[in-house]
Structure formats: C-alpha cells, structure tokens
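So the chains spell out like this:
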Amino acid sequence: MSRNDLRESTKSLYTGLWRLHLAPQWEDVPVSDVTPAKVRTWHTGAAKRTGPTALAQAYRLLRSILGVAVADEVIAANPCRLRGASTPRASRPSRALTVAEAQALADHFGRDRRTERYRALVLVLAFGGLRFGEATALRRSDVVNGGKLHVHRSVRYVGGRWLVGAPKTEAGRRTVSLPASVASALATHLERFVSDSPDALVFGTGAGTFLHSANFGQTFRRAVEAVGLPPVRPHELRHTGATLAAATGATTKELMRRLGHSSSAAALMYQHAADERDSEIARALDAMIGAASVVPSSE
C-alpha cells in the first residue's frame with residue numbers, strides 16, 4: 001500500500017502486520033483468487049498462533065487492501081466478511097477503578113523510592129483520562145496555569161525506535177484540566193523529578209528518556225497485586241478517568257473533548273457506565289430507606 005497520508009508509526013505497523021501475518025498466506029495469491037472461504041480458513045488458522053489484537057489488526061489491513069481492489073474494479077466485492085473479526089476480543093471487559101482504588105494504587109507507587117516518580121502519572125491517567133502515549137510525551141512547557149495540560153503530541157515505540165507525532169485523532173489536540181489535588185501532586189512531581197528545561201519530559205524515566213509502556217506495565221502489575229486489587233491493565237486508568245468524568249454529569253460533547261474522541265460512541269459508552277452506577281446508588285438508597293422504615297414491633 002503506497003499511501004502518503006499515513007503516520008510513520010502506522011506505516012511501520014502495517015509493514016509488520018503484512019510481513020508477519022499476511023504475506024506468508026497471501027503474497028503469491030492473485031487478488032481475484034481470494035474468496036470468503038479462503039479468508040475464513042486463514043483467520044481460523046491465524047487465531048491459533050496470533051494474539052487477538054494483532055489478528056484483528058491484520059484482518060483490518062487485509063480488508064483495506066481488498067477494499068482498494070474493489071474500488072479499482074479488480075474484484076466485484078470484498079471477500080473479508082467475517083463478523084466481528086476486526087475487533088479484538090479482550091480476555092475480560094475493561095473495569096473502572098473507584099476513586100479510593102485509584103488513590104490507593106497511586107499511593108503505593110509513592111511509598112517506594114524506585115517507583116515514586118510514577119505516582120503523579122497514575123493520578124493524571126486516572127483522573128485526567130489521557131492516553132499513555134499522550135501522557136508520556138508531555139513536556140514541562142505543556143503544563144500551564146498550575147493544573148492544565150496541553151496535549152498535542154503522542155509517543156510510541158515502533159520498530160526499535162521512538163516515534164513522536166500527533167495524537168491518535170485530530171480531536172486528541174486538547175487542553176485537559178486536572179482536579180486540584182492531582183494538580184498539586186503534579187506540581188510536587190515537577191519540583192522533584194523534572195528539570196527546569198521547557199523540553200524536559202514530565203513523565204520520563206530517571207535518565208530522562210521516554211517511558212516504555214511494557215516496562216511501566218510490569219511495574220504497574222506488581223503494584224496492583226500489592227494493593228490487592230483484581231487484575232487491572234494500565235489502559236484501564238484512562239477508562240477510569242472517562243467513567244469518573246461521565247459520573248459528574250458531563251455531556252457527550254464535554255466527554256469527547258476531554259478524552260480526545262472524534263466519535264461520540266465511546267463517550268456514550270462511559271455515560272452508560274455512569275448511568276449503571278447511578279442505578280446502583282438508587283438501589284442502595286432504596287435499601288437504606290427500607291431499613292429506616294421498619295417499625296420495631298412493640299412487645
């Protein structure tokens with residue numbers, strides 16, 4: 001695929017997907033010979049040796065390539081017709097932490113000299129709702145007015161090198177306001193762990209380099225176990241921030257802006273989660289009312 005509108009990280013991803021997951025099966029197959037049955041057979045076999053995310057990405061790339069063939073009238077219809085194949089099946093649904101759980105997790109990071117520099121990162125992810133790549137690309141100059149973050153870049157480690165570019169979507173360019181307590185923790189973090197240079201990474205390693213998601217993930221899992229929480233992935237801190245923001249009564253547009261979403265679908269999902277929580281609160285209140293209404297029997 002020779003496209004000039006793709007980010008460097010996307011080009012690298014597509015190259016890897018083609019080489020590892022598609023070329024062995026499809027490189028020598030004429031486009032006109034690709035059938036729904038052959039796609040299904042490939043997908044079934046690939047599922048046995050490929051992770052769900054990589055498999056979904058490879059399927060989407062194959063579908064996109066064949067979509068070009070349809071547009072060029074090389075084939076009449078796209079043979080990629082597997083329902084749900086473009087969406088990775090997570091081993092479990094995402095869960096949002098409670099405020100107390102997020103704080104306990106951050107505090108655990110703060111009690112260990114080896115991890116205390118990441119306490120503020122946990123708080124910013126959990127209560128600011130930033131993507132990991134957005135947070136770890138922040139520079140000191142992106143922190144303004146004490147508690148606002150200018151998000152206008154993201155970083156990824158692709159093909160053995162760091163790639164810094166725009167956020168995932170155009171909507172990702174935004175300013176995020178932090179709660180006062182999180183802004184205070186961030187201010188302390190800047191004083192202790194970040195140099196005065198405007199270009200200094202806010203959430204870098206001790207050596208001042210970009211923080212790798214895999215390395216942080218290992219440290220994060222150990223902290224989750226130490227605090228006694230059920231399994232939690234780092235990405236679920238963003239899920240937490242989104243769900244908590246929705247629980248404040250934020251509108252769909254407000255959630256989209258805060259989270260950097262270009263579509264309302266995700267924002268509506270978080271609002272639904274907040275609605276479910278509100279129903280739980282109502283049921284708990286009802287139980288309290290019922291308990292208070294019980295009149296002690298007179299003897």
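Treat the numbers as computed from the prediction; the structure is a model and nothing was measured. (Residues numbered from 1 in each chain as written. Predicted model: local features only at pLDDT ≥ 70, side-chain atom pairs only at ≥ 80, totals over all residues. Heavy atoms only, no water.)

Draft legend 1. Quick peek at the overall build of the chain. Scanning the chain from N- to C-terminus turns up 11 helices and 5 strands. Burial status across the chain gives 39% buried among its 299 residues. Roughly 17000 Å² of accessible area belongs to the chain as shown, and the carbon and sulfur atoms make up 52% of that amount. (Helix = DSSP H or I, 4+ residues; strand = E, 2+ residues; numbered from the N terminus. Buried < 20%, exposed > 50% of the residue type's maximum accessible area, 1.4 Å probe, protein only. Areas by Shrake-Rupley, 256 points an atom, 1.4 Å probe, with all protein chains shown as cover.)

Draft legend 2. Representation of the nonpolar core within the structure. Ranked by internal contacts, the top residues of the largest apolar core, which has 40 residues, are Leu105, Leu121, Leu130, Phe203 and Phe216. Elements that contribute at least two residues to this core include exactly α4 (99-110), α5 (119-128), α6 (132-135), β2 (148-151), α7 (180-193) and α8 (213-227). When sequence neighbours within four positions are dropped, the list of residues in contact with Phe216 reads Phe109, Tyr118, Leu121, Val122, Phe132, Leu211 and Pro234. Of all hydrophobic cores here, the second largest spans 17 residues; its members include Ala46, Ala58, Tyr59 and Leu62. (Core = buried A, V, L, I, M, F, W, Y, C linked by side-chain atoms within 4.5 Å. Contact = heavy atoms within 4.5 Å.)

Draft legend 3. Highlighting the pattern of salt bridges. Inspection of every chain in the model, using the stated rule, returns 9 salt bridges. Between Glu134 and Arg131 there is a salt bridge, with its nearest N and O atoms 2.7 Å apart. Like Arg131, Glu134 is buried. The salt bridge involving Asp142 is made with Arg153; its shortest N-O contact spans 2.6 Å. (Salt bridge = Lys/Arg side-chain N within 4 Å of Asp/Glu carboxyl O.)

Draft legend 4. Region of the structure containing unusual backbone geometry. Here Glu73, not a glycine, exhibits a phi torsion of approximately 60°, which is positive. Structurally, Glu73 can be placed in the loop between α3 (52-71) and α4. Classification of Glu73 as exposed rests on a relative accessible area of 72%.

Draft legend 5. A look at the packing of helix α9 (residues 235-247) against helix α10 (residues 252-259). One can describe the packing of α9 onto α10 by two numbers: an axis separation of 10 Å at closest approach and a directional angle of 150°. The orientation of α9 relative to α10 falls into the category roughly antiparallel. For the pair α9 and α10, the crossing hand works out as right-handed. Of the residues in α10, those touching α9 at Arg238, Ala242, Ala245 and Ala246 are Leu255, Arg258 and Leu259. (Axes fitted to C-alpha atoms, helices over the stretch in contact; angles between N-to-C directions. Parallel < 35°, antiparallel > 145°, perpendicular 65-115°, else oblique. Left-handed = near helix turned anticlockwise from the far one by under 90°.)

Draft legend 6. Just α5, in detail. In terms of burial, α5 is largely enclosed, as 9 of its 10 residues are buried. Among the residues of α5, Ala120, Leu121, Val122, Leu123, Val124, Leu125, Ala126, Phe127 and Gly128 are the ones counted as buried. A positive phi of about 70° marks Gly129, the residue just after α5.

Draft legend 7. Seen up close, the side chain of His189. Position of His189 relative to the elements: it lies in helix α7. A residue is classified by how much of its surface remains accessible, and His189, at 3% relative accessible area, is buried. Excluding residues within four positions of it along the chain, His189 makes contact with Arg117, Ala120, Val194, Val202 and Phe203.

Draft legend 8. Spatial organisation of the side chain of His43. For His43, the position within the fold is in helix α2 (residues 36-46). Every residue in contact with His43, bar those within four places of it in the chain, is listed here: Leu55, Tyr59, Leu82 and Ala85.

Draft legend 9. Representation of the packing of α5 against α7 within the structure. One can describe the packing of α5 onto α7 by two numbers: an axis separation of 9 Å at closest approach and a directional angle of 150°. The angle between α5 and α7 falls in the class roughly antiparallel. Handedness of the α5/α7 crossing: left-handed. Contact with α5, carried on its side by Arg119, Ala120, Leu123, Val124 and Phe127, involves Val182, Ala185, Leu186 and His189 of α7 and no other residues of that element. For the contact of α5 with α7, the class distribution of residues is 7 nonpolar, 1 polar and 1 charged. (Nonpolar A, V, L, I, M, F, W, Y, C, P; charged D, E, K, R; others polar.)

Draft legend 10. Looking closely at the pairing of strand β4 (residues 161-165). The pairing of strand β3 (residues 154-158) with β4 spans 5 bridges and is classified as antiparallel. What sits directly across from Val155, in β4, is Val164. Remark: 2 residues form the turn of the hairpin made by β3 and β4, two consecutive strands paired antiparallel; Gly159 in that turn has positive phi of roughly 60°. (Pairing = 2+ DSSP bridges.)

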